[in-house]
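Close look at the chain arrangement
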4 protein chains.
Amino acid sequence: MILVIKPDATAEQIDHVIQRIEELGFKSHVSRGEQRTIIGVIGDERKPQAETLAAIPGVEQVHHILKPFKLASREFQKHDSIVKVGKIRIGGGHLAVVAGPCAVESLDGLNRIAVHVKKAGANILRGGAFKPRTSPYAYQGMGEEGLRILRDVGDKHDMPVVTEVMDPRQVALVEKWADMFQVGARNMQNFDLLKEIGQTRKPVLLKRGMSATVKDLLMSAEYVLAGGNTNVVLCERGVRSFEDSTRNMLDMSAVPNVKGQSHLPIIVDPSHATGRPDLIPSMTKAAIAAGADGVHVEVHDCPEKALSDGPQALLPDQFARLMEDVRKLAAAVGSTVD
Amino acid sequence: MILVIKPDATAEQIDHVIQRIEELGFKSHVSRGEQRTIIGVIGDERKPQAETLAAIPGVEQVHHILKPFKLASREFQKHDSIVKVGKIRIGGGHLAVVAGPCAVESLDGLNRIAVHVKKAGANILRGGAFKPRTSPYAYQGMGEEGLRILRDVGDKHDMPVVTEVMDPRQVALVEKWADMFQVGARNMQNFDLLKEIGQTRKPVLLKRGMSATVKDLLMSAEYVLAGGNTNVVLCERGVRSFEDSTRNMLDMSAVPNVKGQSHLPIIVDPSHATGRPDLIPSMTKAAIAAGADGVHVEVHDCPEKALSDGPQALLPDQFARLMEDVRKLAAAVGSTVD
Amino acid sequence: MILVIKPDATAEQIDHVIQRIEELGFKSHVSRGEQRTIIGVIGDERKPQAETLAAIPGVEQVHHILKPFKLASREFQKHDSIVKVGKIRIGGGHLAVVAGPCAVESLDGLNRIAVHVKKAGANILRGGAFKPRTSPYAYQGMGEEGLRILRDVGDKHDMPVVTEVMDPRQVALVEKWADMFQVGARNMQNFDLLKEIGQTRKPVLLKRGMSATVKDLLMSAEYVLAGGNTNVVLCERGVRSFEDSTRNMLDMSAVPNVKGQSHLPIIVDPSHATGRPDLIPSMTKAAIAAGADGVHVEVHDCPEKALSDGPQALLPDQFARLMEDVRKLAAAVGSTVD
Amino acid sequence: MILVIKPDATAEQIDHVIQRIEELGFKSHVSRGEQRTIIGVIGDERKPQAETLAAIPGVEQVHHILKPFKLASREFQKHDSIVKVGKIRIGGGHLAVVAGPCAVESLDGLNRIAVHVKKAGANILRGGAFKPRTSPYAYQGMGEEGLRILRDVGDKHDMPVVTEVMDPRQVALVEKWADMFQVGARNMQNFDLLKEIGQTRKPVLLKRGMSATVKDLLMSAEYVLAGGNTNVVLCERGVRSFEDSTRNMLDMSAVPNVKGQSHLPIIVDPSHATGRPDLIPSMTKAAIAAGADGVHVEVHDCPEKALSDGPQALLPDQFARLMEDVRKLAAAVGSTVD
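Residues numbered from 1 in each chain as written. Chains lettered and ligands numbered in written order. Predicted model: local features only at pLDDT ≥ 70, side-chain atom pairs only at ≥ 80, totals over all residues.

So, about the overall build of chain A. Along chain A, the regular secondary structure elements total 10 helices and 15 strands. Judged by the C-alpha coordinates and their principal axes, chain A covers about 75 × 45 × 40 Å. Put simply, of all contacts in chain A between residues at least 6 apart along the chain, 66% involve residues at least 24 apart. (Helix = DSSP H or I, 4+ residues; strand = E, 2+ residues; numbered from the N terminus. Contact = placed C-beta atoms within 7 Å.)

Glancing now at the domain arrangement of chain A. By a frequent convention, interface size equals the accessible area lost on bringing the separate parts together. Examined at the domain level, chain A breaks down into domain 1 (2-63) and domain 2 (83-337). Taking only C-alpha atoms into account, the centre of domain 1 of chain A sits 44 Å from that of domain 2 of chain A. (Domains from an automatic or database assignment.)

Turning next to the sheet that holds strand 4 (residues 59-63) of chain B. Residue and element names in this part refer to chain B. Strand order in the open sheet formed by 4 strands is 2-3-1-4, and the pairing between neighbours is antiparallel. One side of each edge strand has no neighbouring strand; the edge strands of this open sheet are strand 2 (27-32) and strand 4. Neighbouring strand axes in the sheet, compared pairwise and without regard to direction, differ in orientation by 20° on average. One ladder, built from 3 bridges, connects strand 1 (residues 2-5) with strand 3 (residues 37-42); its direction is antiparallel. Residue pairing in the sheet places I2 in a bridge with G40 of strand 3. Against the sheet, helix 1 (residues 11-23) touches strand 1, strand 2, strand 3 and strand 4, its axis set at about 10° to strand 3. (Pairing = 2+ DSSP bridges. Axes fitted to C-alpha atoms, helices over the stretch in contact; angles between N-to-C directions.)

Further remarks concern the pairing of strand 9 (residues 161-164) of chain C. Residue and element names in this part refer to chain C. Every second residue of strand 9 is oriented toward a common face, with V161 and T163 on one face and V162 and E164 on the other, all of them buried. Bridge analysis of strand 8 (residues 124-126) against strand 9 gives 2 bridges, and the strand direction is parallel. For L125, the partnering residue across the bridge sits in strand 9 and is V161. The parallel pair strand 8 and strand 9 is bridged by helix 3 (residues 144-156), and the resulting crossover is right-handed. Note: strand 9 against strand 10 (residues 180-183), 3 bridges, orientation parallel. By the bridge assignment for strand 10, T163 is matched with F181. (Buried ≥ 20, exposed ≤ 12 C-beta atoms within 10 Å, placed from the backbone. Right-handed = clockwise from strand over helix to strand, strands pointing away.)

Listed by partner, the interface residues are 40 residues for chain A and 40 residues for chain B. Looking at the side of chain A that touches chain B, the elements with two or more residues in it are helix 5 (191-198) and helix 6 (214-226) of chain A. Split by residue class, the side of chain A that touches chain B holds 20 nonpolar, 8 polar and 12 charged. (Nonpolar A, V, L, I, M, F, W, Y, C, P; charged D, E, K, R; others polar.)

On to the environment of B:P132. With respect to the helices, strands and loops of the structure, B:P132 is situated in the loop between strand 8 (124-126) and helix 3 (144-156). You can call B:P132 partly exposed: it has 19 C-beta atoms within 10 Å. Along the chain, B:P132 and B:L279 lie 147 residues apart, while their C-alpha atoms are 24 Å from each other. If sequence neighbours within four positions are ignored, B:P132 has contacts with A:Q189, A:F191, B:M166, B:G184 and B:R186.

With that out of the way, let us pick up the relation of the copies chain A and chain D. The transformation that overlays chain A on chain D combines an axial shift of 0.0 Å with a rotation of 180°, and the residual RMSD is 0.0 Å. Between the two chains, the operation in question is that of a two-fold axis. Of the C-alpha atoms belonging to chain A, the one lying closest to the rotation axis is found on A:A286, 2.1 Å away. Most of the interface of chain A is mirrored in chain D, where 100% of its interface residues are also at the interface. (Least-squares fit on C-alpha atoms with pLDDT ≥ 70 in both.)

All names here are of chain A. Relative to the elements of secondary structure, H263 occurs in the loop between helix 7 (254-261) and strand 13 (266-268). Of the residues examined, H263 has 21 C-beta atoms within 10 Å and is grouped as buried. Sequence separation of H263 and C102 is 161 residues, and the distance between their C-alpha atoms is 29 Å. The residues touching H263, leaving out its near neighbours within four places in the chain, are R74, Q77, H79, D80 and S81.

Moving on, we come to the packing of helix 9 (residues 280-290) of chain B against helix 9 (residues 280-290) of chain C. Axis separation between helix 9 of chain B and helix 9 of chain C bottoms out at 7 Å; the angle between their running directions is 150°. In terms of their interaxial angle, helix 9 of chain B and helix 9 of chain C are classed as roughly antiparallel. Helix 9 of chain B and helix 9 of chain C meet at a crossing whose hand is right-handed. Every residue of helix 9 of chain C that contacts helix 9 of chain B at B:S282, B:M283, B:K285, B:A286, B:I288, B:A289 and B:A290 is listed here: C:S282, C:M283, C:K285, C:A286, C:I288, C:A289 and C:A290. Looking at the contact of helix 9 of chain B with helix 9 of chain C residue by residue, the class counts come to 10 nonpolar, 2 polar and 2 charged. (Parallel < 35°, antiparallel > 145°, perpendicular 65-115°, else oblique. Left-handed = near helix turned anticlockwise from the far one by under 90°.)

So, on to the interface of chain A and chain D. In this complex, chain A contributes 34 residues to the contact, which on the side of chain D involves 34 residues. When contributions to the side of chain A that touches chain D are tallied by element, the ones reaching two or more residues are helix 6, helix 7, helix 9 (280-290) and helix 10 (316-333) of chain A. It is helix 9 of chain A that contributes the most residues to the side of chain A that touches chain D, 7 residues altogether. When grouped by side-chain class, the residues that make up the side of chain A that touches chain D number 16 nonpolar, 11 polar and 7 charged.

The next thing to look at is the sheet that holds strand 3 (residues 37-42) of chain A. All names here are of chain A. With respect to topology, 4 strands assemble into an open sheet ordered 2-3-1-4, the strand pairing being antiparallel. Either end of the sheet is taken by a strand with one partner, and the two such strands are strand 2 (27-32) and strand 4 (59-63). Pairs of neighbouring strands in the sheet enclose a mean axial angle of 20°, with direction left out of account. The pairing of strand 1 (residues 2-5) with strand 4 spans 4 bridges and is antiparallel. The residue bridging L3 from the neighbouring strand is V62, located in strand 4. Contacts from helix 1 (residues 11-23) reach strand 1, strand 2, strand 3 and strand 4, with the element oriented near 10° to strand 3.

If you rotate chain A by 180° and push it 0.0 Å along the axis, it lands on chain B with an RMSD of 0.0 Å. Comparing interface residues between copies, 100% of those in chain A also lie at the interface in chain B; the contact surface is shared.

Right, let's get into unusual backbone geometry. The backbone of B:D309 shows a phi angle near 55°, a positive value even though the residue is not glycine. What makes B:D309 buried here is the crowd of 23 C-beta atoms within 10 Å. With a phi close to 55°, C:D158 is a non-glycine residue in the positive phi region. Within the fold, C:D158 resides in the loop between helix 3 and strand 9.

All names here are of chain B. For helix 3, with 13 residues, the first-to-last C-alpha span of 18 Å sits near the 18 Å given by 1.5 Å per residue. Residues of helix 3 that are buried include every one of G146, L147, I149, L150, V153 and G154, and no others. Angularly, the buried residues of helix 3 cover 165° about the axis, an arc narrow enough to put them on a single face. Where helix 3 is buried, its residues touch helix 2 (107-120), strand 8, strand 9 (161-164) and helix 4 (171-177). Looking at the residues trailing helix 3, positive phi occurs at D158, about 55°. (Expected span 1.5 Å × (residues − 1). Arc of directions from axis to C-beta.)

Residues and elements named next belong to chain C. Across the interface, helix 2 (residues 107-120) lies against helix 3 with an axial gap of 10 Å and an inter-helix angle of 35°. Here helix 2 and helix 3 pass one another in a crossing that is right-handed. Across from L107, L110, N111 and A114 in helix 2, the residues of helix 3 making contact are I149, L150, D152 and V153. Split by residue class, the contact of helix 2 with helix 3 holds 6 nonpolar, 1 polar and 1 charged.

Set out below in structure tokens:
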């Protein structure tokens, strides 16, 4: 951490800054420039209270040097993490293709869709039982009954299953029925939920919040890792922007950006990122070319009757054609869909 | 709701659209223009499944006509709601001045600060016992012990108290000790938490999420209102933007924007919005002039030792001077600090 | 400037960094911490080529310490600049109230509006003769004929006039007819235009670009100042954001943010910032309370027939009522409308 | 266009709305719903003054049905445009690979870089002679001398050349020396510049503004097309966002988004979008996979001595390796680098 001192700070103020640095267990290193004095704060700046140095009179700016996350960082672990979900591996060249409807709506309905996506090449089945809906009047999901259906259909087709968990009180229940938790964008900073999941050893698909920076996303992963659960897969799903013709703005550069800083796998969700079936195929392909560890695509066989997010689902045929392209692109960049 | 039909849609597709509209219980009204056919969907577009109309082949665009919230709307209630927190009224010309430290740190510390803010004219005391921190290694708050301290100090100075609740499992505990819940920006769309609070009758200060539109904020209020709890006060606290010299971007226009659409009171939090003590006073004054129903200001008597957010706290003296200006401006716009 | 060195940089790399620093005429100051080596670069970091230090192998991060602007900074000039437009002063407690239609449409039309705004208390008349329109098919303005009309009407009512200039080739013409140039948001970084205006001595109202930071705005002012024209007035007019219920997001905190860093006056344009007549009055009042040096409000006596931006104009009566409030608030914060 | 009428509008107000619609040459079609009356406005809503309908008392909302651009639209021209720059075709499966330094710095320097990029497979050479720099103190480019050097080096290596034009007064000069104009992000809405270029028949590379929507970009293309110049190639180069670890946010979905609405080619500039050499290769590959008609990559053989944007340039070796991947991916998606 580096403190920049105000040009009009008094000698007493500077002495006081140095004293506080040392009280907090850091060493200080003063450098007087032509226009400003700067003080290097030597020690681990992730220590609680380091931030209070910014509040001392005479301090003009604080520059952080280290990333605020540890366990999630490439410095902590050089090699790529590979997360296993059932028999499926994610990371290190193994691509996850997570597909299924937005919401579990019925046993028959989910089964029909699972037949399609399995045949096309998806390796993880998704479906929501607890739905975070902007409106209290919208469909809220089947709850536990949905979890049972998801488990049954996953088993029938030999696909591990992932489903959203929204409330710390649901963690044990979801843990019982699913192979992977999903934490949605709206809950990326629901810290009590993250802590609860950190206490399990079940994989989690952690989606980027709508206004979260890449650093914020990695800090949320750090909450889970700090609890002892190392099975974290990140998911870029678009962020809020001024562009009003897509649901969100897909930040494709988050893929290499995360991979440079962290050993954790990251997949891309073009369905929520764009909200438009006409854009999903090319964004799926771009994600594979960008080096993502997989994709997350919503598929429904009758979008006009879907209980949630129908307008953004691909049809089974569209998904099957897309998977052919995915395999070609994966081959071109040296990754595989197991 | 209005559907715009693609120029190349077939007659069968249009018939199918009309059929689905009627299956969902709406009436349809077709209008053929020079370049597009449009279909008016007559009925309450907030009905679940109305959104699926966008997924029907042949539909190019969907335009919503009504606001998606009901109970929160000005159409539902013409006059301004006044929410009572202890003896303090918020709304209808009565200003809330919520002040205190970011976190409850000790009985003595909170008491010292309460003396100052009470004297300066604050009428509600704030202090966090459960803290949502971006880093798992940062100070996480005193928990229940903090709630007891807050209660004691509030009672001692005859000030109602507000404190953050982050987890549905904490609702009963916070309800016991505090006069008002605070739902933070990161939890604005933590729908299980909102539902739980909706089951109580205790006032809630609902902060705008960092990437929430005004409509999203009102939809979250609707969750609480739909549960039967009408004591909702909104809070503008800045949103994420590209501007990197302030912590967030304070959307001051949210004040009249909310007031035009909703009867709920709205206050402004310039502390989190700007993150900079040098900007807080003028933004507090602007909020009063804009017609806000109050302000929320962090005050600490030793920011450099604060356990959370010290760098953005005002000193007691700065706050006292600010309150003089607040009273002048309130007089100029016809509101009062009770 | 401070360079942070990569943890795995070699001694040769570090030596090379130091050598380049010295070749560019800076001194270097090395500090070895527990986790990183940092190098202070001593000298004026605004020197061209300082930025290339970031490209040297082994350099991980570059932190800037100084603001990139000089002539616009408070350090360069401690006291507030007061800019004179005709007989009107802007800054130092003197408020500009710039009002008029979006576009000059006819002599009679402008005259009618000028009568109203003058009577209500506006002290500068605005009206566009060259209009930057998103669509090539939209009304593009009256050109020179509009400038003559503006001059005539301004003289008739003894009001100085401001009008937009979009092209360096128009500078001489606009200089001839108007008392103040306006540079619109879309041209804030039209550097050739800024240089041309910098060669004149006529005041300029420089509007913030739709995605410009406060620092970017001050850098654009620096272009004009560097040319020798010190008569720069800044204007906050909203920035692009995800909020879709207002035309832009008014960044009210830009007012104190600019005033802390710069001696230049800054006014607020709530018309373009919100695009909504129902929000303009409260945002005008908030701007005065925030300490702005004035406001810029579009007024039209028949918005439904305006050739440009009619939907966001205030009616003369609305403007007159607003001016009463402006005077009350100005009194409460110690400023005046001359 | 559809007008939604306020619930409390009077019959007189509605009559007046209809009268104005007809005065403007439209037909009206009234539909009374349960909660709102809506009026369809039949005719070409791109007509000037259509927007004024929003300003009529009693009108609550205006919904646009048609895209505001014509000549740029897929409806106007179904097949993909192919733009020729010298002998190089862009569009319809033919990829542009535009490479070179940010600025032309010297004959020898540009020649050295051209040897590298030509050999690696680039087919258009870039280099700036007029540089739009945020700071007036930064390097502003070589001007005409730079244009001559660019021409010479392009001819020597049989590569067409593209260079930025910033000022309408430079159009004739740049037209003389270059094969393609570049309009930078800051000038995307410099309408006088666009009009001037529209009068030539030379191709233009039109970059998306930092806060421009896809619709805004297409409207700027419309300005050039409306002048009669149909040789427009669009360029996605990232937009401003809250993410602070990349220079801009690359909106990859703009590629299929543009292609769905417009026949114009679109290429991607990952250099300016990310500002980080570590992210450029994967974003280049993603662009090809997404269906872009080419890429724009900055290459410099000594970034640490570059006079502009050195920190974001690829080294020649990095670029050569990237081109191998580009060819593999182009093959996988059916496009070619001529």
